[in-house]
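Structure assessment
Here's the letter readout for the chains.
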Amino acid sequence: QVQLVESGGGLVQAGGSLRLSCAASGGSFSTYTMAWFRQAPGKEREFAAAISWSGRSTDYADSVKGRFTISRDNAKNTVYLQMNSLKPEDTAVYYCAAGLRGLGSAVYEYNYDYWGQGTQVTVSS
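None of these values were measured; they are calculated from a predicted model. (Residues numbered from 1 in each chain as written. Predicted model: local features only at pLDDT ≥ 70, side-chain atom pairs only at ≥ 80, totals over all residues. Heavy atoms only, no water.)

1. Observations concerning the overall build of the protein chain
Definition in use: In DSSP terms, a helix is any run of H or I states spanning at least four residues, a strand is any run of E spanning at least two, and both are numbered starting from the N terminus. Here the globule rule is a power law, 2.2 Å times the number of residues to the power 0.38, and the radius of gyration is based on C-alpha atoms. Here a residue-residue contact requires only that any non-hydrogen atoms of the pair lie within 4.5 Å. Surface exposure here means Shrake-Rupley accessible area, sampled with a 1.4 Å probe, where a residue is shielded only by the protein chains that are shown. Residues scored as positive are Lys and Arg, those scored as negative are Asp and Glu, and His as well as the terminal groups of each chain are ignored. For the purpose of locating charges, the reference atoms are NZ of Lys, CZ of Arg, CG of Asp and CD of Glu.
In terms of helices and strands, the protein chain carries zero helices and 11 strands. Secondary structure elements in the protein chain, listed N-terminal to C-terminal, are β-β-β-β-β-β-β-β-β-β-β. Relative to a compact globule of 125 residues, whose C-alpha radius of gyration would be 14 Å, the protein chain shows 13 Å and is just as compact. On the principal axes, the C-alpha backbone points of the protein chain span a range of 40 × 25 × 25 Å. Put simply, of all contacts in the protein chain between residues at least 6 apart along the chain, 59% involve residues at least 24 apart. If you sum the accessible surface of the protein chain, you get close to 6300 Å²; carbon and sulfur atoms cover 45% of it. The distance from the centre of the 11 positive side-chain charges to the centre of the 10 negative ones in the protein chain is 6 Å.

Below, the structure is given as structure tokens:
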């Protein structure tokens, strides 16, 4: 059983930056593919970014590519999402996810077995 806890959300102006963190416990963190999904008010949850177990490969949604960077520190059992050039449409609850599958199907929720409770990101115009 893996527990994931997100942190780092908050209120930021458009064009600003935030760094989200996801701390994992209860499992072998370094073996998991990790991902960030987000859910805006009234919308379905959508894929944002994913990173392989080694940290050598990443995948991003087109909507965040070039602005967001996912990274991980396996020694700290933590995955990060650095969000730059934030836009109001980035406003959402951001969820951390973990799974044993690779990046080939990273955009699909079914690839992930464990989910955090989410952290709110609000971007003002």
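The rest of the description comes next.
2. Regarding the environment of Arg45
Quick reminder of the rule: For each residue, the accessible area found with a 1.4 Å probe, counting protein chains only, is set against the maximum for its type, and the residue is called buried under 20%, exposed over 50%, and partly exposed in between. Side-chain atoms alone can form a polar contact between residues adjacent in sequence; in general such a contact is a pair of N or O atoms within 3.5 Å, and within protein one must be able to donate a hydrogen while the other accepts it.
As for its position among the elements, Arg45 is in the loop between β4 (33–39) and β5 (46–51). Overall, the relative accessible area of 25% leaves Arg45 in the partly exposed class. Ignoring sequence-local partners within four residues, the contact set of Arg45 consists of Phe37, Arg38, Gln39, Tyr95, Glu109 and Trp115. Of note is the side chain of Arg45, whose polar atom sits 2.9 Å from the side chain of Glu109.

3. What to know about the nonpolar core
Let me state the cut-off plainly: Among buried residues, the Ala, Val, Leu, Ile, Met, Phe, Trp, Tyr and Cys ones that are joined through side-chain atoms within 4.5 Å form a nonpolar core.
Ranked by size, the top nonpolar core spans 38 residues in total, and within it Leu4, Met34, Trp36, Val79, Leu81, Met83 and Tyr94 carry the most contacts. Mapped onto this core, the elements with two or more residues apiece are β3 (18–25), β4, β5, β7 (68–73), β8 (78–83), β9 (92–99) and β11 (119–124). In this structure, Leu4 is in contact with Cys22, Ala23, Ala24, Met34, Cys96, Ala97, Ala98, Tyr114, Trp115, Gly116 and Gln117, ignoring residues within four places of it in sequence.

4. Topic: the environment of Arg67
Counting through the fold element by element, Arg67 comes out in the loop between β6 (58–60) and β7. Separated by 50 residues in sequence, Arg67 and Ser17 have C-alpha atoms that sit 9.5 Å apart. Not counting chain neighbours up to four residues away, the residues in contact with Arg67 comprise Gln82, Met83, Asn84, Ser85, Leu86, Lys87 and Asp90. Separated by 2.7 Å, the side chains of Arg67 and Asp90 make a polar contact.

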